[in-house]
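One-letter residues, chain by chain:
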Amino acid sequence: MTSPIVAVIGGGQLARMMAPAATALGVTLRVLVESDSAPAAAPAHETVVGLPTDPEAIARLLAAPRPAAVTFEHEHIPAEVFAACDEAGVPVRPGLAALTFAQDKIEMRARMDQLGLPNPAWAEARSEADVARFLAEHGGEAILKTARGGYDGKGVMVIRDVADARPWLDAAAAGGPRLLLEQKVPFVRELAVQIARRPSGEARTWPVVESLQRDGVCAEVTAPAPDLDPQRAAEAEEIARTVAEALDVTGALAVELFETEDGILINELAMRPHNSGHWSMDGAVTGQFEQHLRAVLDLPLGDTTPTAPWTVMANVLGGARIDLESALGDVTDAAAKIHLYGKDVRPGRKVGHVNLSGTDRAGTYERAVAAAAVVRDGAPA
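Residues numbered from 1 in each chain as written. Predicted model: local features only at pLDDT ≥ 70, side-chain atom pairs only at ≥ 80, totals over all residues. Heavy atoms only, no water.

Trainee: Sorry, what's going on with the nonpolar core here?
Mentor: Generally speaking, nonpolar side chains in soluble globular proteins are found buried as a group. One finds Ile9, Leu253, Val255, Ile266, Leu269 and Met271 to be the most contacted residues of the largest nonpolar core, which totals 45 residues. The leading source of residues in this core is helix H8 (residues 230-246), at 6 residues. Once residues within four sequence positions are removed from consideration, valine 255 is found in contact with Leu191, Ala192, Val193, Ile239, Ala240, Ile266, Glu268 and Leu269. (Core = buried A, V, L, I, M, F, W, Y, C linked by side-chain atoms within 4.5 Å. Buried < 20%, exposed > 50% of the residue type's maximum accessible area, 1.4 Å probe, protein only. Helix = DSSP H or I, 4+ residues; strand = E, 2+ residues; numbered from the N terminus. Contact = heavy atoms within 4.5 Å.)

Trainee: Help me understand the environment of lysine 105 in this model?
Mentor: Relative to the helices and strands, lysine 105 is located in helix H5 (residues 105-114). For lysine 105, a relative accessible area of 9% corresponds to the buried category. Distance from lysine 105 to alanine 203, taken between C-alpha atoms, is 24 Å for residues 98 residues apart in sequence.

Trainee: Help me out: how do you make sense of H8 in this one?
Mentor: Residues spaced three or four apart along an α-helix face the same direction, because each turn holds 3.6 residues. With 17 residues, H8 extends 24 Å between its outermost C-alpha atoms, agreeing within 8% with the 24 Å of an ideal straight helix rising 1.5 Å per residue. Residues Arg232, Ala233, Ala236, Ile239, Ala240, Val243 and Ala244 constitute the buried set of H8. Seen from one end, H8 has its buried residues packed into an arc of 125°, which puts them on one side. Among the exposed residues of H8, those oriented more than 90 degrees off its buried face are Pro230 and Gln231. Summarising the contacts, the buried residues of H8 are in contact with H5, strand S9 (189-197), strand S13 (251-259) and strand S14 (264-270). Count one or two residues on from H8 and you reach aspartate 248, which has phi positive near 60°. (Expected span 1.5 Å × (residues − 1). Arc of directions from axis to C-beta.)

Trainee: What's the story with the sheet that holds strand S2 (residues 28-33) in this structure? I'm lost.
Mentor: Backbone-to-backbone hydrogen bonds join strands into a sheet, with any given pair of strands oriented parallel or antiparallel. Within the open sheet, the 4 strands sit side by side as S3-S2-S1-S4. Their pairing is parallel. Strands with a single pairing partner mark the edges of an open sheet, and in this sheet they are strand S3 (46-49) and strand S4 (69-72). The sheet shows a mean angle of 25° between the axes of neighbouring strands, taken without regard to direction. Sheet topology note: the S2/S3 ladder contains 4 bridges and is parallel. When the bridges of S3 are listed, leucine 32 appears paired with valine 48. (Pairing = 2+ DSSP bridges. Axes fitted to C-alpha atoms, helices over the stretch in contact; angles between N-to-C directions.)

Trainee: Mind showing me how you'd approach the environment of valine 156 here?
Mentor: With respect to the helices, strands and loops of the structure, valine 156 is situated in strand S7 (residues 156-159). Spatially, the C-alpha atom of valine 156 lies 24 Å from that of glutamine 114, the residues being 42 residues apart in sequence. Every residue in contact with valine 156, bar those within four places of it in the chain, is listed here: Ile143, Leu144, Lys145 and Trp168.

Trainee: Would you explain the packing of helix H6 (residues 128-137) against helix H7 (residues 162-173) in this entry?
Mentor: To characterise two packed helices, one gives the angle between the axes of the helices and the distance between these axes. Taken N-terminus to C-terminus, the directions of H6 and H7 make an angle of 145°; their axes are 10 Å apart at the nearest point. Considering only the axes of H6 and H7, their crossing is right-handed. Counted together, Glu128, Val131, Ala132 and Leu135 of H6 and Val162, Ala165, Arg166 and Leu169 of H7 form the full contact between these two elements. (Left-handed = near helix turned anticlockwise from the far one by under 90°.)

Trainee: Would you take a moment to explain the packing of aromatic side chains for this structure?
Mentor: Two descriptors summarise a pair of aromatic rings, namely the distance from one centre to the other and the angle between the planes of the rings. In the structure shown here, the tally under the stated rule is 1 aromatic pair. In this structure, arginine 361 is placed above the aromatic ring of tryptophan 310, and the distance from its NZ or CZ to the ring centre is 5.8 Å. (Phe/Tyr/Trp six-rings, centres within 6.5 Å; stacked < 30°, edge-to-face > 60°. Lys NZ or Arg CZ within 6 Å of the ring centre and 35° of its normal.)

Here it is, written out as C-alpha coordinates:
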(Lines give C-alpha, C1' and ligand atoms only; values in the text may rest on other atoms or scores of the structure.)
Protein backbone atom coordinates (compact mmCIF):
# COMPACT_ATOMS: atom_id res chain seq x y z
CA MET A 1 0.00 0.00 0.00
CA THR A 2 1.15 3.55 -0.69
CA SER A 3 0.44 6.36 1.70
CA PRO A 4 -2.08 8.97 0.60
CA ILE A 5 -0.61 12.30 -0.45
CA VAL A 6 -2.10 15.57 0.74
CA ALA A 7 -0.85 18.60 -1.16
CA VAL A 8 -0.75 21.86 0.79
CA ILE A 9 -0.52 25.30 -0.77
CA GLY A 10 1.50 27.67 1.39
CA GLY A 11 4.70 27.07 3.30
CA GLY A 12 4.07 28.93 6.57
CA GLN A 13 3.70 27.74 10.12
CA LEU A 14 0.29 26.16 9.60
CA ALA A 15 1.67 23.84 6.92
CA ARG A 16 4.70 23.21 9.14
CA MET A 17 2.44 22.05 11.98
CA MET A 18 0.55 19.67 9.68
CA ALA A 19 3.75 17.67 9.15
CA PRO A 20 3.93 15.82 12.51
CA ALA A 21 0.23 14.95 12.26
CA ALA A 22 0.73 13.68 8.70
CA THR A 23 3.69 11.56 9.79
CA ALA A 24 1.66 10.03 12.62
CA LEU A 25 -1.16 9.16 10.22
CA GLY A 26 1.18 7.77 7.57
CA VAL A 27 0.18 10.55 5.18
CA THR A 28 2.69 12.08 2.78
CA LEU A 29 2.63 15.87 2.99
CA ARG A 30 3.60 17.60 -0.27
CA VAL A 31 3.87 21.35 0.27
CA LEU A 32 4.09 24.23 -2.18
CA VAL A 33 6.63 26.46 -0.41
CA GLU A 34 7.61 29.99 -1.36
CA SER A 35 11.30 29.16 -0.88
CA ASP A 36 13.58 26.46 0.50
CA SER A 37 13.77 28.43 3.75
CA ALA A 38 9.99 28.62 4.29
CA PRO A 39 8.84 27.33 7.70
CA ALA A 40 7.24 24.20 6.21
CA ALA A 41 10.16 23.32 3.92
CA ALA A 42 12.18 21.35 6.49
CA PRO A 43 9.46 19.13 8.02
CA ALA A 44 7.45 18.49 4.82
CA HIS A 45 7.89 15.07 3.24
CA GLU A 46 7.98 16.56 -0.26
CA THR A 47 8.30 20.16 -1.39
CA VAL A 48 7.61 22.11 -4.55
CA VAL A 49 9.11 25.60 -4.65
CA GLY A 50 6.84 28.18 -6.22
CA LEU A 51 3.84 30.42 -5.78
CA PRO A 52 0.15 29.58 -6.17
CA THR A 53 0.05 32.11 -9.05
CA ASP A 54 2.59 30.03 -11.01
CA PRO A 55 0.85 27.42 -13.23
CA GLU A 56 4.05 25.39 -13.59
CA ALA A 57 4.45 25.15 -9.82
CA ILE A 58 0.83 23.99 -9.48
CA ALA A 59 1.44 21.41 -12.20
CA ARG A 60 4.42 20.05 -10.24
CA LEU A 61 2.30 19.96 -7.08
CA LEU A 62 -0.29 17.85 -8.89
CA ALA A 63 2.20 15.60 -10.72
CA ALA A 64 2.19 11.83 -10.32
CA PRO A 65 1.83 10.24 -7.95
CA ARG A 66 -1.28 12.39 -7.74
CA PRO A 67 -2.35 13.75 -4.36
CA ALA A 68 -5.57 12.44 -2.87
CA ALA A 69 -6.57 16.01 -2.02
CA VAL A 70 -5.28 19.56 -2.12
CA THR A 71 -5.71 21.94 0.78
CA PHE A 72 -4.09 25.20 1.87
CA GLU A 73 -2.85 27.14 4.86
CA HIS A 74 -3.99 30.58 3.72
CA GLU A 75 -6.98 31.92 1.78
CA HIS A 76 -5.09 33.71 -1.00
CA ILE A 77 -5.66 30.99 -3.58
CA PRO A 78 -6.35 32.08 -7.19
CA ALA A 79 -9.35 30.58 -8.98
CA GLU A 80 -6.95 29.17 -11.59
CA VAL A 81 -5.62 26.74 -8.97
CA PHE A 82 -9.06 25.23 -8.52
CA ALA A 83 -9.45 24.92 -12.29
CA ALA A 84 -6.09 23.12 -12.57
CA CYS A 85 -7.02 20.72 -9.79
CA ASP A 86 -10.39 20.04 -11.38
CA GLU A 87 -8.71 19.27 -14.69
CA ALA A 88 -6.31 16.90 -12.91
CA GLY A 89 -9.17 15.19 -11.08
CA VAL A 90 -7.87 16.17 -7.63
CA PRO A 91 -10.37 17.58 -5.12
CA VAL A 92 -9.57 20.85 -3.34
CA ARG A 93 -10.88 20.94 0.21
CA PRO A 94 -12.51 23.26 0.93
CA GLY A 95 -13.63 24.13 -2.60
CA LEU A 96 -13.76 27.55 -4.21
CA ALA A 97 -17.51 27.89 -3.67
CA ALA A 98 -16.89 27.75 0.08
CA LEU A 99 -13.56 29.58 0.16
CA THR A 100 -15.07 32.63 -1.53
CA PHE A 101 -16.73 33.51 1.77
CA ALA A 102 -13.42 33.44 3.64
CA GLN A 103 -11.61 35.35 0.88
CA ASP A 104 -14.12 38.18 0.56
CA LYS A 105 -15.56 39.80 3.69
CA ILE A 106 -18.39 41.51 1.81
CA GLU A 107 -19.54 38.22 0.29
CA MET A 108 -19.25 36.65 3.75
CA ARG A 109 -21.41 39.29 5.41
CA ALA A 110 -24.08 38.99 2.73
CA ARG A 111 -24.14 35.18 3.01
CA MET A 112 -24.36 35.28 6.81
CA ASP A 113 -27.36 37.60 6.47
CA GLN A 114 -28.96 35.14 4.03
CA LEU A 115 -28.46 32.34 6.57
CA GLY A 116 -30.02 34.41 9.34
CA LEU A 117 -26.84 34.35 11.40
CA PRO A 118 -25.87 37.23 13.73
CA ASN A 119 -23.87 39.91 11.91
CA PRO A 120 -22.88 43.38 13.10
CA ALA A 121 -24.36 46.19 11.03
CA TRP A 122 -22.40 46.54 7.79
CA ALA A 123 -22.39 48.14 4.34
CA GLU A 124 -20.15 48.30 1.31
CA ALA A 125 -18.28 51.61 1.01
CA ARG A 126 -18.39 52.69 -2.64
CA SER A 127 -18.24 56.44 -2.08
CA GLU A 128 -17.66 59.16 0.49
CA ALA A 129 -21.44 59.47 0.77
CA ASP A 130 -21.64 55.79 1.84
CA VAL A 131 -19.06 56.42 4.53
CA ALA A 132 -20.75 59.61 5.76
CA ARG A 133 -24.12 57.86 5.92
CA PHE A 134 -22.77 54.87 7.85
CA LEU A 135 -20.93 57.07 10.34
CA ALA A 136 -24.06 59.13 10.93
CA GLU A 137 -26.10 55.97 11.56
CA HIS A 138 -23.57 54.41 13.94
CA GLY A 139 -22.46 57.08 16.37
CA GLY A 140 -19.74 58.66 14.26
CA GLU A 141 -17.40 55.67 14.43
CA ALA A 142 -16.94 52.58 12.27
CA ILE A 143 -14.51 49.87 11.23
CA LEU A 144 -13.27 50.07 7.64
CA LYS A 145 -11.87 46.87 6.12
CA THR A 146 -10.53 45.79 2.78
CA ALA A 147 -12.83 43.02 1.58
CA ARG A 148 -9.84 40.90 0.54
CA GLY A 149 -6.29 40.42 1.73
CA GLY A 150 -6.34 41.66 5.32
CA TYR A 151 -5.08 39.64 8.29
CA ASP A 152 -3.63 40.16 11.79
CA GLY A 153 -4.85 43.74 11.94
CA LYS A 154 -3.75 44.61 8.41
CA GLY A 155 -6.42 46.01 6.09
CA VAL A 156 -8.46 47.20 9.09
CA MET A 157 -8.88 50.75 10.37
CA VAL A 158 -11.11 52.60 12.82
CA ILE A 159 -12.56 55.70 11.18
CA ARG A 160 -14.38 58.70 12.64
CA ASP A 161 -14.47 60.96 9.61
CA VAL A 162 -14.89 60.63 5.86
CA ALA A 163 -11.36 61.96 5.44
CA ASP A 164 -10.01 58.93 7.29
CA ALA A 165 -11.40 56.68 4.55
CA ARG A 166 -10.45 58.81 1.55
CA PRO A 167 -7.07 57.15 0.73
CA TRP A 168 -8.66 53.70 0.82
CA LEU A 169 -11.61 54.87 -1.29
CA ASP A 170 -9.15 56.25 -3.85
CA ALA A 171 -7.27 52.94 -3.87
CA ALA A 172 -10.50 51.00 -4.37
CA ALA A 173 -11.51 53.30 -7.24
CA ALA A 174 -8.11 52.63 -8.84
CA GLY A 175 -8.72 48.88 -8.88
CA GLY A 176 -7.92 47.94 -5.29
CA PRO A 177 -10.07 45.67 -3.13
CA ARG A 178 -13.63 46.63 -2.31
CA LEU A 179 -14.23 48.21 1.09
CA LEU A 180 -16.44 47.06 3.91
CA LEU A 181 -17.87 49.25 6.66
CA GLU A 182 -18.78 47.56 9.93
CA GLN A 183 -20.32 48.72 13.16
CA LYS A 184 -17.69 49.14 15.89
CA VAL A 185 -19.07 46.43 18.13
CA PRO A 186 -19.08 47.15 21.89
CA PHE A 187 -17.94 43.63 22.68
CA VAL A 188 -17.20 42.19 26.11
CA ARG A 189 -14.64 39.77 24.73
CA GLU A 190 -13.74 37.81 21.61
CA LEU A 191 -14.57 34.14 21.22
CA ALA A 192 -13.83 31.54 18.58
CA VAL A 193 -15.32 28.19 17.75
CA GLN A 194 -13.74 25.57 15.52
CA ILE A 195 -15.37 22.77 13.62
CA ALA A 196 -14.01 20.16 11.23
CA ARG A 197 -16.22 18.62 8.57
CA ARG A 198 -15.52 15.83 6.10
CA PRO A 199 -17.07 15.50 2.62
CA SER A 200 -19.41 12.74 3.78
CA GLY A 201 -20.93 15.20 6.27
CA GLU A 202 -19.53 14.13 9.65
CA ALA A 203 -18.58 17.17 11.72
CA ARG A 204 -17.07 17.73 15.16
CA THR A 205 -16.58 20.92 17.16
CA TRP A 206 -14.05 21.79 19.84
CA PRO A 207 -15.09 23.78 22.91
CA VAL A 208 -15.61 27.51 22.39
CA VAL A 209 -12.48 29.46 23.38
CA GLU A 210 -11.71 33.00 24.48
CA SER A 211 -9.24 34.91 22.32
CA LEU A 212 -7.33 37.94 23.57
CA GLN A 213 -6.08 40.31 20.86
CA ARG A 214 -3.37 42.93 21.15
CA ASP A 215 -2.75 45.41 18.32
CA GLY A 216 -4.95 43.31 16.05
CA VAL A 217 -2.93 40.13 16.66
CA CYS A 218 -4.01 37.14 18.73
CA ALA A 219 -1.96 37.09 21.95
CA GLU A 220 -3.56 34.36 24.08
CA VAL A 221 -6.33 31.79 23.82
CA THR A 222 -8.00 30.14 26.81
CA ALA A 223 -9.83 26.84 26.30
CA PRO A 224 -12.60 26.55 27.17
CA ALA A 225 -13.81 30.17 27.31
CA PRO A 226 -14.08 31.03 31.01
CA ASP A 227 -17.53 31.53 32.51
CA LEU A 228 -19.28 31.20 29.15
CA ASP A 229 -23.00 30.65 29.50
CA PRO A 230 -23.76 27.09 28.28
CA GLN A 231 -26.61 28.35 26.11
CA ARG A 232 -24.29 30.88 24.46
CA ALA A 233 -21.67 28.16 23.92
CA ALA A 234 -24.29 25.97 22.28
CA GLU A 235 -25.34 28.89 20.06
CA ALA A 236 -21.73 29.42 18.95
CA GLU A 237 -21.32 25.74 18.08
CA GLU A 238 -24.60 25.80 16.16
CA ILE A 239 -23.40 28.82 14.18
CA ALA A 240 -20.27 26.88 13.22
CA ARG A 241 -22.31 23.85 12.18
CA THR A 242 -24.69 26.00 10.14
CA VAL A 243 -21.83 27.73 8.32
CA ALA A 244 -19.96 24.49 7.65
CA GLU A 245 -23.03 22.72 6.27
CA ALA A 246 -24.57 25.61 4.34
CA LEU A 247 -21.29 26.53 2.64
CA ASP A 248 -20.18 22.90 2.20
CA VAL A 249 -16.92 23.52 4.04
CA THR A 250 -14.57 20.53 4.20
CA GLY A 251 -11.59 20.60 6.53
CA ALA A 252 -11.17 22.91 9.50
CA LEU A 253 -13.31 26.02 9.91
CA ALA A 254 -12.79 28.71 12.55
CA VAL A 255 -15.56 31.19 13.30
CA GLU A 256 -14.34 34.25 15.18
CA LEU A 257 -17.04 35.87 17.32
CA PHE A 258 -17.74 38.97 19.36
CA GLU A 259 -19.51 38.43 22.67
CA THR A 260 -21.65 41.41 23.63
CA GLU A 261 -23.98 42.11 26.53
CA ASP A 262 -26.87 40.94 24.34
CA GLY A 263 -25.39 37.92 22.57
CA ILE A 264 -22.78 36.93 20.01
CA LEU A 265 -21.95 38.29 16.56
CA ILE A 266 -19.83 36.82 13.78
CA ASN A 267 -16.51 38.57 13.24
CA GLU A 268 -14.65 36.56 10.57
CA LEU A 269 -14.28 33.07 9.05
CA ALA A 270 -11.14 31.06 8.36
CA MET A 271 -11.41 27.82 6.36
CA ARG A 272 -8.18 26.19 7.50
CA PRO A 273 -6.39 25.52 10.79
CA HIS A 274 -6.37 28.71 12.82
CA ASN A 275 -4.45 30.44 15.60
CA SER A 276 -7.44 30.06 17.91
CA GLY A 277 -7.11 26.27 17.60
CA HIS A 278 -3.41 25.87 18.39
CA TRP A 279 -4.29 24.95 21.98
CA SER A 280 -5.81 21.68 20.71
CA MET A 281 -2.40 20.36 19.63
CA ASP A 282 -1.65 19.60 23.28
CA GLY A 283 -5.01 20.14 24.99
CA ALA A 284 -7.47 17.91 23.12
CA VAL A 285 -7.62 14.23 22.19
CA THR A 286 -7.41 15.27 18.53
CA GLY A 287 -5.65 18.48 17.55
CA GLN A 288 -6.74 20.71 14.70
CA PHE A 289 -3.91 19.71 12.33
CA GLU A 290 -4.60 15.98 12.55
CA GLN A 291 -8.32 16.67 12.27
CA HIS A 292 -7.87 18.85 9.21
CA LEU A 293 -5.96 16.07 7.45
CA ARG A 294 -8.56 13.50 8.46
CA ALA A 295 -11.31 15.75 7.15
CA VAL A 296 -9.76 16.53 3.75
CA LEU A 297 -9.08 12.80 3.24
CA ASP A 298 -12.68 11.98 4.29
CA LEU A 299 -11.46 9.81 7.16
CA PRO A 300 -13.42 9.35 10.40
CA LEU A 301 -12.90 12.39 12.59
CA GLY A 302 -11.15 12.20 15.94
CA ASP A 303 -12.45 12.95 19.42
CA THR A 304 -12.25 16.67 20.28
CA THR A 305 -12.63 16.29 24.05
CA PRO A 306 -10.17 18.40 26.08
CA THR A 307 -7.54 16.44 27.98
CA ALA A 308 -7.35 18.93 30.88
CA PRO A 309 -9.73 21.36 32.57
CA TRP A 310 -7.84 24.32 31.09
CA THR A 311 -5.37 24.86 28.28
CA VAL A 312 -3.87 28.27 27.48
CA MET A 313 -2.08 29.08 24.23
CA ALA A 314 0.26 32.07 24.41
CA ASN A 315 1.67 33.35 21.13
CA VAL A 316 5.35 34.19 20.89
CA LEU A 317 5.65 37.45 18.96
CA GLY A 318 9.05 38.65 17.84
CA GLY A 319 10.94 40.36 20.67
CA ALA A 320 14.42 40.65 22.12
CA ARG A 321 15.53 37.04 21.58
CA ILE A 322 16.86 36.37 18.08
CA ASP A 323 17.96 32.74 18.55
CA LEU A 324 14.64 31.21 19.62
CA GLU A 325 16.07 27.71 19.92
CA SER A 326 18.14 28.93 22.86
CA ALA A 327 14.87 29.34 24.74
CA LEU A 328 14.52 25.57 25.00
CA GLY A 329 17.06 25.57 27.81
CA ASP A 330 15.57 28.58 29.57
CA VAL A 331 11.94 27.52 29.94
CA THR A 332 11.90 25.59 33.21
CA ASP A 333 8.16 24.89 33.45
CA ALA A 334 8.01 21.21 32.53
CA ALA A 335 4.35 21.50 31.50
CA ALA A 336 5.06 24.11 28.82
CA LYS A 337 4.84 22.77 25.28
CA ILE A 338 6.91 24.99 23.00
CA HIS A 339 6.19 25.23 19.27
CA LEU A 340 8.63 27.23 17.13
CA TYR A 341 7.89 28.15 13.53
CA GLY A 342 11.37 28.36 12.00
CA LYS A 343 10.92 32.03 11.13
CA ASP A 344 13.31 34.95 11.28
CA VAL A 345 12.46 37.15 14.25
CA ARG A 346 10.91 40.54 13.55
CA PRO A 347 9.14 42.77 16.08
CA GLY A 348 5.53 41.63 16.51
CA ARG A 349 5.82 38.71 14.07
CA LYS A 350 4.29 35.37 15.08
CA VAL A 351 7.32 33.13 15.54
CA GLY A 352 5.95 30.45 17.86
CA HIS A 353 3.55 29.65 20.64
CA VAL A 354 3.42 27.92 24.00
CA ASN A 355 0.63 25.60 25.15
CA LEU A 356 0.15 24.80 28.81
CA SER A 357 -2.57 22.72 30.44
CA GLY A 358 -3.61 22.65 34.07
CA THR A 359 -6.40 22.43 36.61
CA ASP A 360 -6.28 26.04 37.84
CA ARG A 361 -7.39 28.63 35.29
CA ALA A 362 -5.52 31.66 36.62
CA GLY A 363 -2.35 29.71 37.34
CA THR A 364 -2.40 28.00 33.96
CA TYR A 365 -2.78 31.36 32.22
CA GLU A 366 0.04 32.97 34.19
CA ARG A 367 2.41 30.07 33.56
CA ALA A 368 1.69 29.98 29.80
CA VAL A 369 2.22 33.72 29.43
CA ALA A 370 5.39 33.58 31.51
CA ALA A 371 6.84 30.74 29.43
CA ALA A 372 6.06 32.61 26.19
CA ALA A 373 7.77 35.71 27.60
CA VAL A 374 10.92 33.68 28.30
CA VAL A 375 10.90 32.36 24.74
CA ARG A 376 10.37 35.87 23.40
CA ASP A 377 12.79 37.92 25.50
CA GLY A 378 14.99 35.58 27.52
CA ALA A 379 15.03 34.25 31.05
CA PRO A 380 13.86 36.75 33.68
CA ALA A 381 16.57 38.33 35.83
